[in-house]
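Okay, here's what each chain looks like letter by letter:
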Amino acid sequence: MASELNAEMLKIALKSIDDFAARELPDSLLVELDERDEFPEELVRQMSSGDGLGIQLLFVPFEYGGMGGGALDVYRICERMAAIDLGLATSELATFLGSDPIRVGGTEAQKREYMGRIAAEGILFAYGATEAEAGSDLGALKTVAEPVSDNGAITGYRISGAKQWISNGGVADMYTILALAPGGPSWFVVDAGAEGFTHGDAEDKHGIRLSNTAALFLNDVYVDADRLIGGVEGQGLVQAQQVFGYTRLMVAAFGLGAGWEALDRAIAYSRKRIQAGGPLAEKEGYTHKLIVPHAVALEAARAAIEETAERIDAGEGALNVEGAVAKYLATEAGDAAADAALQAHGGYGYTHDYVVEKIKRDVRITRIYEGTSEIMEMTVARGRWQDHLKSAGDHYHARARELEALHDQHPEVGADVAALAAHALAELLERCRNARLTRHQHILLRLGALIAQVEGAGALARRAQRAADKQLDAKAARSLRAPALAAAARVYARGAALTVATEAVRLVAGADGGELGDLEQRLGTASINRAQGGLLADMQAVSDALYARRRR
Ligand SMILES: Cc1cc2nc3c(=O)[nH]c(=O)nc-3n(C[C@H](O)[C@H](O)[C@H](O)COP(=O)(O)OP(=O)(O)OC[C@H]3O[C@@H](n4cnc5c(N)ncnc54)[C@H](O)[C@@H]3O)c2cc1C
């Protein structure tokens, strides 16, 4: 999806969001709404209306009245929205999730009508896929769509069933509902207020309390045949799959934005908070545990997000595995960063008054919705396992060789250590193949986690190189300067390599995968151990850069 937005327009859009937040969304209001568990409908509608912020225009294709943002634009916008409030961001996301089946699979008339209405009227959508007993496994859905015929021609459908955990469920104007038609799972567009269509009370949630989440009940709800998205039954799961790479990037950006916001608040706090005679910001035991590793992990996730977004915009397809890597890295890093930021505020962090406490509860959802972290691990592992088999075990050795070539050009970006991690991963995958270890689901999913980390290390090394060569996309975030990014890349690559080497032993020995024999030699454990040299100096360099930089 090529973008119609240039870098200047994106900058203006980001600034409008900041201005809107500064004017309308002070911390005190967000904390109060969170405590009252209130969906601020007026604010949300203002954000997606032409005479308000008009955020929806960024997502709607140009030909239907929007500004036609691409994946990179959408990630930057989602990151910024999440930094403000993840509940409000979720409400916006729901409209784009809800209209995505139309965007990718709708007929021209459907796209024109519904995308056009989102752009012009700012209507809110909800995306109704999940059911009480069909969550991660959508194929188990029970909601049915029975065709209604006249003289042998299908004129409409009667939909019956229930949906669970639907964002905007109680407040949307239109809904896309996944239901089982005779030809297979299919998406239908249903109006709020259609006869037989009701919703439950707003759920009382752990976090994102500014977002409305509700169950939906459909009792023989009639829709005309032209409400079947794409006009052909059985395309529903394919349409859902087609957008995962892209929609998962949105949630990845949520993890990134919320995690960075929490960390930025902890950095500001630690500058002023004096303990044992000096500011916390000057204490290594504090910065190197609660700040630096989280900034590094978030930047690795950013690198994976940006690379995937650029490739989607260049037309490389859905990139589901890459989208899953990005979502996994960013949401796990965002959640961990928010937890560390709460800790970094001590007892104050544990109170409602300090926004980090809210962020910590809010960001937790990103590891659950749009596919849980465990489903991401599975998606990544299965996808790359195929690549390993198809390449006769060379897939990650090949990635490692590319990183070695990068190291020759840019010895400062940690690409040599990222290459050690990739070689070790290739060896571990091969050992798993020989010993048939992926028959254990635990092993398969742990491989998914390791793969994500190794890919994050490669992406961050490449991002550090591009920053050094001034080759970052004009729209890319400028979160850290090139030397700090290189230090972060070295820190992250060391961690990735060491994790693969130690986890490999744990998994192979733990699953009785045969004699360890020369495994450690094949993994390159000795080189990986030696590569840890310089870690503390690099962490200090990252810390110095974080404390020297201005916010945003
Ligand atoms: C606040 C909120 C908003 C949401 N918004 C929407 C929305 O707008 N539209 C929508 O359609 N859905 C929405 N969801 C639903 C969300 O996408 C699902 O909750 C999520 O996909 C997980 O499904 P589940 O809750 O049924 O959990 P389950 O699928 O039952 O999973 C439970 C646990 O088991 C793990 N697990 C599941 N399957 C496997 C497996 N095969 N192997 C190993 N482990 C497994 C999971 O990772 C998880 O840890 C929302 C949920 C919440 C909480």
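Use the structure listed above.
This one's a predicted model, so the numbers in the text were calculated from it and none came from an experiment. Numbers given to residues run from 1 along each chain, matching the order in which its sequence is written. Residues qualify for local features only when their pLDDT is at least 70, as the model is predicted, and side-chain atom pairs are given and counted only at 80 or more; totals for whole chains, interfaces and linings, by contrast, use all residues. For the side-chain quantities, the full set of heavy atoms in the structure was used; hydrogens and water were omitted.

S.K.: Quick one: what's the story with the site of the ligand, residue by residue and with numbers?
M.R.: Surrounding the ligand, one finds 20 residues, the nearest of these being Tyr 127, Thr 130, Ser 136, Thr 372 and Glu 374. Under the rule applied, a polar contact is a pair of N or O atoms within 3.5 Å (in protein, one hydrogen donor and one hydrogen acceptor; residues adjacent in sequence only if both atoms are side-chain atoms). One of the backbone nitrogen or oxygen atoms of Tyr 127 is found 2.7 Å away from a nitrogen atom of the ligand. A distance of 2.9 Å separates a nitrogen atom of the ligand from a polar atom in the backbone of Trp 165. Numbering of helices and strands runs from the N terminus, with a helix taken as a DSSP run of H or I at least four residues long and a strand as a DSSP run of E at least two residues long. For the shell around the ligand, the secondary structure elements donating two or more residues are β3 (153-167) and α12 (373-390). A class-by-class count of the residues in the shell around the ligand yields ten nonpolar, seven polar and three charged. Whether a residue is near a molecule or strand is decided by its heavy atoms; if any one of them lies within 4 Å of it, the residue is near. Three categories are distinguished: nonpolar for Ala, Val, Leu, Ile, Met, Phe, Trp, Tyr, Cys and Pro, charged for Asp, Glu, Lys and Arg, and polar for the others, with Gly belonging to the last.

S.K.: Tell me what's going on with empty space enclosed by the protein, and back it up with residues and numbers.
M.R.: Think of a 1 Å grid over just the protein atoms. A cavity is a set of points where a 1.4 Å probe fits yet cannot get out, a pocket is an open set with protein on both sides within 12 Å along at least five of seven lines, and lining residues have an atom within 4 Å of a point. Grid points are joined across faces, edges and corners, and a volume is the space filled by probe spheres set on the points. By the definition in use, this model includes five cavities of 30 Å³ or more. Estimated volume of the largest cavity: approximately 70 Å³. Secondary-structure elements contributing two or more residues to the lining of the largest cavity are α8 (284-313) and α15 (441-468).

S.K.: Describe the pairing of β3, with residues and values.
M.R.: In this sheet, β3 lies alongside strand β2 (residues 144-150) in antiparallel orientation, the contact comprising seven bridges. Within β3, the residue paired with Asp 150 across the bridge is Ala 153. Note on pairing: two strands pair once DSSP finds at least 2 bridges between them. Between β2 and β3, which pair antiparallel in sequence order, lie two residues; one of them, Asn 151, sits at a positive phi of approximately 55 degrees. Both β3 and strand β7 (residues 213-224) contribute to a ladder of nine bridges, which runs antiparallel.

S.K.: Break down the packing of aromatic side chains for me, with residues and values.
M.R.: The pairing test for Phe, Tyr and Trp rings, Trp by its six-membered ring, is centres within 6.5 Å, and the orientation test on the planes gives stacked under 30 degrees, edge-to-face over 60, and tilted for anything in between. Taken as a whole and judged by the stated rule, the model has six aromatic pairs. Relative to Phe 96, the ring of Phe 59 has its centre 3.9 Å away and its plane inclined at 15 degrees; by these criteria the two rings are stacked. One end of the pair, Phe 59, is in the loop between α3 (41-47) and α4 (71-84); the other, Phe 96, is in helix α5 (residues 86-105), with 37 residues separating them in the sequence. Buried means the residue's accessible area, taken with a 1.4 Å probe over protein chains only, is under 20% of the maximum for its type, while exposed means over 50%, and partly exposed covers the values in between. Classification of Phe 59 as buried rests on a relative accessible area of 6%. Each member of the aromatic cluster is reached from another via a ring pair, and the members are Tyr 269, Tyr 348 and Tyr 354. Two thresholds decide whether a charge sits over a ring: the Lys NZ or Arg CZ must be within 6 Å of the ring centre and within 35 degrees of the ring normal. Against the face of Phe 244 rests Arg 248, its NZ or CZ located 3.8 Å from the ring centre.

S.K.: Residue-level account of the packing of helix α14 (residues 415-434) against α15, with values.
M.R.: Running from N to C, α14 and α15 point in directions that differ by 160 degrees, and their axes come no closer than 9 Å. On the basis of the axis angle, α14 is roughly antiparallel to α15. For the element pair α14 and α15, the recorded crossing hand is left-handed. Contacts from Ala 415, Ala 418, Ala 421, Ala 422, Leu 425, Leu 428, Leu 429 and Cys 432 in α14 reach Ile 443, Leu 447, Leu 450, Ile 451, Val 454, Ala 457, Gly 458 and Ala 461 in α15. Classifying every residue of the contact of α14 with α15 gives 15 nonpolar, one polar and no charged. Here an axis means a line fitted to C-alpha atoms, over the contact stretch when the element is a helix, while the angle between two N-to-C directions is reported on a 0 to 180 degree scale. Note on angle classes: values under 35 degrees are labelled roughly parallel, values over 145 roughly antiparallel, values of 65 to 115 roughly perpendicular, and the remainder oblique. By definition, turning the near helix anticlockwise from the far helix through less than a right angle yields a left-handed crossing, and turning it clockwise yields a right-handed one. Whether two residues touch is decided by their heavy atoms; if any such pair falls within 4.5 Å, the residues are in contact.

S.K.: So what about unusual backbone geometry? Which residues, and what values?
M.R.: Backbone geometry at Trp 165 places phi at a positive 60 degrees, although glycine is not the residue there. Its location among the elements puts Trp 165 in strand β3.

S.K.: Describe the nonpolar core, with residues and values.
M.R.: To qualify as a nonpolar core, a set must consist of buried Ala, Val, Leu, Ile, Met, Phe, Trp, Tyr and Cys residues joined through side-chain atoms within 4.5 Å. Among the nonpolar cores identified, the biggest contains 170 residues, and Phe 59, Ile 77, Ile 291 and Leu 546 are the most heavily contacted of them. Residues contacting Leu 546, with those up to four places away along its chain left out, are Trp 260, Ile 267, Arg 271, Ile 291, Val 292, Ala 295 and Leu 480.

S.K.: For helix α13 (residues 395-409), give the residues involved together with the corresponding values.
M.R.: Think of an α-helix as turning once every 3.6 residues; residues three or four places apart then point the same way. Over its 15 residues, α13 runs 22 Å from end to end, which matches the ideal 21 Å to within 8%, given 1.5 Å per residue. Residues of α13 that are buried: His 395, Tyr 396, His 397, Ala 398, Ala 400, Leu 403 and Leu 406. Buried-residue contacts for α13 involve α12, α14 and α15. Multiply 1.5 Å by the residue count of a helix minus one, and that product is the helix's expected span.

S.K.: Before we move on, could you go through the pattern of salt bridges and cite the residues and values that matter?
M.R.: Any Lys or Arg side-chain nitrogen found within 4 Å of a carboxyl oxygen on Asp or Glu counts as a salt bridge. Throughout the structure, instances matching the rule amount to 45 salt bridges. Arg 522 is the partner of Glu 427 in a salt bridge, and the nearest nitrogen-oxygen pair spans 2.9 Å. Linking Glu 427 in helix α14 with Arg 522 in helix α17 (residues 519-523), this pair joins segments that are 95 residues apart in sequence. What makes Glu 427 buried here is its relative accessible area of 14%.

S.K.: Describe the environment of Ala 214, and please don't skip the residues or the numbers.
M.R.: Along the chain, Ala 214 falls in strand β7. For the pair Ala 214 and Trp 165, spaced 49 residues apart in the sequence, the C-alpha separation amounts to 5.4 Å. The residues contacting Ala 214, other than those within four sequence positions of it, are Trp 165, Ile 166, Gly 169, Gly 170, Gly 200 and Asp 201.

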